[in-house]
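So you can see what is in the structure, the chains are spelled out below.
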Amino acid sequence: MEINGKDELKLPLLQPLDGVVVTDKKIKTVKFKVGDISCASCATSIESLLLELNGVESVMVSVLQGQAAVKYIPELVTAKAIKEAIEDAGFPVDELPEQKIAVCRLRIKGMACTSCSESVERALSLVDGVKKAVVGLALEEAKVNFDPSITDINHIVEAVEDSGFGAEVINSGNDVNKVHLKLEGISSEEDIYIIQSYLESVQGVNNVEMDLAEKKVTVSYDPDLTGPRSLISCIEKAGQGPNFYHATLYNPPRQRETERQLEIWMYRNQFMWSCLFSIPVFIFSMVLPMLHPYGNWLDLKVHNMLTVGMLLTWILCTPVQFIIGRRFYVGSYHALRRRSANMDVLVALGTNAAYFYSVYIVIKALTSDMFEGKDFFETSTMLISFILLGKYLEVVAKGKTSDALAKLTDLAPDIAHLITLDEDNNVISDREISTQLIQRNDMLKIVPGEKVPVDGIVVDGQSHVNESMITGEARPIAKKPGDKVIGGTVNENGCILVKATHVGSDTALSQIVQLVEAAQLARAPVQKLADQISRFFVPTVVVAALITWLAWFIPGELGIYPRHWIPKGMDKFELALQFGISVLVVACPCALGLATPTAVMVATGKGASLGVLIKGGNALEKAHKVKTVVFDKTGTLTVGKPVVVSAVLFSSFSMEEFCDVTTAAEANSEHPIAKAVVEYAKRLRQKFGPQTEHMTDIKEFEVHPGAGVSGKVGDKLALVGNRRLMQDFNVPIGPNVENHISATENLARTCVLVAIDGKVAGAFAVTDPVKPEAGRVISFLHSMGISTVMITGDNWPTATAIAKEIGIKKLYAETNPLGKADKIKNLQMEGMTVAMVGDGINDSPALVAADVGMAIGAGTDVAIEAADIVLIKSNLEDVITALDLSRKTMSRIRLNYVWALGYNVLAMPVAAGTLFPLAGIRIPPWLAGACMAASSVSVVCSSLLLQYYKKPLHVEEAQAWDVNHNSNSK
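Keep in mind the model is a prediction, meaning the values are calculated, not measured.

Calculation rules
Residues numbered from 1 in each chain as written. Predicted model: local features only at pLDDT ≥ 70, side-chain atom pairs only at ≥ 80, totals over all residues. Heavy atoms only, no water. Helix = DSSP H or I, 4+ residues; strand = E, 2+ residues; numbered from the N terminus. Buried < 20%, exposed > 50% of the residue type's maximum accessible area, 1.4 Å probe, protein only. 1 Å grid on protein atoms, 1.4 Å probe; cavity = no way out; pocket = protein on both sides within 12 Å on 5 of 7 lines; lining within 4 Å. Points joined across faces, edges and corners; volume = space filled by probe spheres on them. Nonpolar A, V, L, I, M, F, W, Y, C, P; charged D, E, K, R; others polar. Pairing = 2+ DSSP bridges. Axes fitted to C-alpha atoms, helices over the stretch in contact; angles between N-to-C directions. pLDDT = per-residue confidence, 0-100. Contact = heavy atoms within 4.5 Å. Salt bridge = Lys/Arg side-chain N within 4 Å of Asp/Glu carboxyl O. Parallel < 35°, antiparallel > 145°, perpendicular 65-115°, else oblique.

Whenever I open this one, the overall build of the chain confuses me. Can you help?
For the chain, the helix and strand inventory stands at 33 helices and 36 strands. In the chain, which comprises 970 residues, the proportion classed as buried is 51%.

Okay, structure coming up:
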């Protein structure tokens, strides 16, 4: 990247406020394709009809194009209503074109299992105007793509709340860059209106939210047009006369962390309150009756057969059932209203059965002097207590799954040194500011030991920067003027001046965090298993519990099983009821729902910390199946910086003419080899006399993909490229040229031929060094059972030499970009799951065609956009890391499923009493609740073990490979 001129550094960062452009952001434009418009009269009638609609500002109808452009106020009328009005007038609207799609992220509260996330997703999808909605259970977030001309964020939030869940807006698509300011000098609503008006008039401001009570303002803005310091200046300028306004930066508490902490405290407090009641109930019901004579007072009669123990347990149990356990009733109500069922339904059914049967026992004991029965109040209280304990531990564990992401967000420093330069580029001011106040084009000073606050370009000074926290590469990287630096990295030894190029959400660190968040929200295909099971899981459990109760109660009444099977103090009905309740509460849909998303969250976060960005569960799942890895050559297996090592003439052309024609022909090419040739040709030209002041322009310039370039330099036809280009233009290649080409290619060098007016004038020998880790990566992939292929546009001899050097046996050379994609499709047709590793624009078709596309981080934006996995530090070892991490993650997900499904499959029959006749083993309801809670916690803890993942190819192994390789080569 080039540095802008030094004069530009002294230009004002932003235009003065007097020159701001005021726009009415509330007016939107929509275009329709309208049929049957035959004359100007039709157009006039449509215009007059639409102008009668409240909210339509202007209408333009084109008879020739058959289109209508309507400006309207979305608060008063919708695009859908406008479309319907045209149709009602008798004109068909062939299509309502796709409007600009807006995106918002919501935090969803109250989700417990997959059934909940599916309900939220379904509710969002039913909102008119919502194009796509994805809900992440583990992340507790929803990402919604919607048409802002049809619906808005308020309607989307209402839809979530109507489905029984809480929703808060995290951000909308246009407020990713936002600043929070604390206001001083505000005394009335008029002051608020003045400040809001001034801020809304600034070009680049997207949204202004004022809070009079707290005296705060939140501004969403476009960093290309304005910035935080300009907004603060705008507020201060708004104060006139006696009114003096001042604004300072305000950092609101992190919403997610705050809410997570509140949720942890809520469950902890609910569990503690529950224990306050349930422990005495447990002691009165289970402990004291066995400690004679200490528990005899519990058997004292209050009235008829009602004892003190019954009354005390009833009094202590009721607050737990209806106050502390209220959340289960609310959750059940919303679930049943949605015609679905979740864990809350199971808990509510189980505890209500135990509680109300116990109330029935109390009433019978109160009204009868002969009745003897056993209550189950301890079942209800203990069950709720254990479930709350399980939820508390689960929330704590789930909070740890996003630890890696939290560490990434903390990398950026809080403070930066902002400097101002005078006309002679001397520093005239140096002050500390908050990193959040940095604007694009700011000049920043970074002293040794400090972190780089934002992405930028070094304009002065030299240093070494430790980028390990971003790329995982421990070795400090040398930085000089013109080099890029990444926000969050550490300056090691020298003082450097950096010009800010990317701030706010545009920095590499923010982009990484956003990508990981999106990946954690994306649902892996393996999650479909849990989704399908969750649809019928709860109804099946309820039916199983009812069958269990009948299967024990009816045989008991008929005397089929012996009386001594019934525990002391119970009757047949109570025994059957306990078995039925145990089945209800032992089943755990939560463990199934958490099996995949928690593992994906931990894996993507861990991958990001290791320099491997995985774009979601889908990429993870496909990567573990990879059996073939296809590598591009230039920039992937090689360093990507070709160097010309020699040049030779084959005809009577002078070296000066040879160099001048080559430089002119290759100057317009962006190919790395072309740049190396131009640089070498210019240096060579200087040895043979002074170079002409003006480079000869090339006419009729044409790029021939995979072959070279052609064009007219002066009156001569120039061709610069490989053998294929010469053949396409019928340029004869003599024996001496053939021999030179063969000798060059056998040395793993590329031979670039130059032809002038149909004759080969000379050739350049270009080499691109192989990356040092390439050989050991290929060897390790083979040891993993993964085959390797190399595809390149380079010639066969060069490709063969490089493939032989690093150990690749299968290769395709002289292949154009579309040919690379075709080769990958051929491999897929052979039944292979293919990963493609590339770095350039020419690799993007192959990256998309492959099952898994891996882009080198130093590659082009197009390649990175097309890829499923991005290797930040451009090290081939991370190909192994990505594949191995995906295998470990999928193994962990499978283990989670085996545990979650196995637990339910084994626990439900035991809870139903299948072992009771043979071994006397019975799971009381309170113990069943504890088992259910333990199963979800164990699944989350299992996923957390991925945090201890280590790279499979370590430095020691790499060094050992190098030693063995070198000894073998000798």
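Could you clarify how one ought to interpret empty space enclosed by the protein in this entry?
If you roll a probe as big as a water molecule over the atoms, it shows you where there is empty space left. Per the stated rule, a full pass over the model turns up four cavities of 30 Å³ or more. Of the volumes computed, that of the second largest cavity is approximately 60 Å³. Class assignment for the residues of the lining of the second largest cavity results in five nonpolar, four polar and three charged.

Please explain the sheet that holds strand 27 (residues 698–704) as it appears in this structure.
Working definition: the strands of a sheet are paired by backbone hydrogen bonds and lie parallel or antiparallel to each other. Spatial strand order, 26-31-30-29-28-27: six strands in an open sheet with antiparallel pairing. Only two strands of the sheet have a single neighbouring strand rather than two, namely strand 26 (643–649) and strand 27. Neighbour-to-neighbour, the strand axes of the sheet open up by a mean angle of 15°, direction not taken into account.

Would you mind going over the confidence of the model for the chain with me for this structure?
Fine structural detail should not be taken from predicted coordinates in areas where pLDDT scores are low. Averaged over every residue, the pLDDT of the chain is 81; the share at 70 or more is 87%. Within the chain, strand 32 (residues 787–791) carries the highest mean pLDDT (94), whereas helix 1 (residues 6–9) carries the lowest (40). Per-residue pLDDT stays below 50 along residues 1–25; that stretch engages in 42 contacts with residues further than four places along the chain or on separate chains. Low pLDDT (under 50) marks residues 955–961, which in the prediction has seven contacts with non-local residues, meaning those over four places away or in another chain.

It is not clear to me how the pattern of salt bridges should be interpreted in this structure. Could you clarify?
One side chain can pair with another of opposite charge once the charged atoms of both are near each other. A full pass over the atoms with the stated rule returns 14 salt bridges. Residue Glu168 is joined to Lys109 by a salt bridge in which the shortest nitrogen-to-oxygen separation is 2.8 Å. Of this pair, Glu168 sits in strand 8 (residues 166–172) while Lys109 is found in strand 5 (residues 102–109), placing the two residues 59 residues apart along the sequence. Accessibility expressed as a relative area gives 25% for Glu168, which makes it partly exposed. Across the pair Lys716 and Glu657 runs a salt bridge, and its minimum N-O distance is 3.3 Å. Pair noted here: Lys716 is in strand 29 (residues 716–721) and Glu657 is in helix 21 (residues 655–666), with a separation of 59 residues, a long-range link.

It is not clear to me how helix 26 (residues 796–806) should be interpreted in this structure. Could you clarify?
Helical geometry: 3.6 residues make up each α-helical turn, so side chains three or four residues apart lie on a common side. Taken together, the buried positions of helix 26 are Thr798, Ala799, Ala801, Ile802, Ala803 and Ile806. Each element contacted by the buried residues of helix 26 is listed here: helix 20 (633–637), helix 24 (735–746), strand 30 (750–756), helix 25 (774–783), strand 32 and strand 33 (810–812). Trailing helix 26 by a residue or two, Gly807 shows a phi angle of about 100°, which is positive.

I keep staring at the packing of helix 9 (residues 308–324) against helix 10 (residues 326–337) and nothing clicks. Help me out?
Angle between the axes and distance between the axes: these two values describe a pair of packed helices. Relative to each other, helix 9 and helix 10 sit at 40°, their axes nearing to 5 Å. By the angle between their axes, helix 9 is oblique relative to helix 10. Judged by residue contacts, Gln321, Phe322, Ile323 and Ile324 of helix 9 engage Arg326, Arg327 and Tyr329 from helix 10. When its residues are assigned to classes, the contact of helix 9 with helix 10 shows four nonpolar, one polar and two charged.

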